[in-house]
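Descriptive analysis of the structure
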Amino acid sequence: MDLPKTYNIELEDKAAFINKAEKMGMKIDTFDIKDNKINDTFSITLNTPQDVEIVKAVLKSSPKINDVNITEIISKEIKQQIQEYLEK
């Protein structure tokens, strides 16, 4: 497993994600989390295999918490920019 590993999660799921991860024993440092308000996501960087397993368990047990694919976000932004350009 390659470490560190970064997960991108929807910003609206941040509190639920942190609460569930902490209940499962993960210690979350504020330096590990970065908000990206442009994409409405936050990223969390994990440095241990145990933390990776906890995050996988949180995401699997909570289908409402969405792990976001950055490629998907970029594709949406490009489509939106093209649409705005064509509407001019």
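Look above for the structure.
Now for a quick tour of the structure. (Residues numbered from 1 in each chain as written. Predicted model: local features only at pLDDT ≥ 70, side-chain atom pairs only at ≥ 80, totals over all residues. Heavy atoms only, no water.)

In most cases, non-glycine residues show a negative phi, while peptide bonds are predominantly trans. In this structure, Pro4 follows Leu3 across a cis peptide bond, with omega equal to 0°. Located in the positive-phi region is Asp40, a residue other than glycine, with phi close to 55°. Along the chain, the position of Asp40 falls in the loop between β2 (33–36) and β3 (41–46). (Helix = DSSP H or I, 4+ residues; strand = E, 2+ residues; numbered from the N terminus.)

A general tendency of soluble globular proteins is for nonpolar side chains to be buried together. Formed by 17 residues in total, the largest nonpolar core has its most connected members in Tyr7, Phe17, Met26 and Ile44. Looking at this core, the elements with two or more residues in it are β1 (5–10), α1 (14–23), β3 and α2 (49–61). Broken down by element, the residue count for this core peaks at five residues, all from α2. (Core = buried A, V, L, I, M, F, W, Y, C linked by side-chain atoms within 4.5 Å. Buried < 20%, exposed > 50% of the residue type's maximum accessible area, 1.4 Å probe, protein only.)

All right, on to a nonpolar patch on the surface then. Together, Ile78, Ile82, Tyr85 and Leu86 line one region of the surface with nonpolar side chains, adding up to about 460 Å² of accessible area. When you line up the elements, Ile78 lands in helix α3 (residues 70–87). A relative accessible area of 44% means that Ile78 is categorised as partly exposed. (Patch = residues over 30% accessible without salt bridge, like charges linked within 9 Å, V, L, I, M, F, W, Y side chains within 5 Å. Areas by Shrake-Rupley, 256 points an atom, 1.4 Å probe, with all protein chains shown as cover. Salt bridge = Lys/Arg side-chain N within 4 Å of Asp/Glu carboxyl O.)

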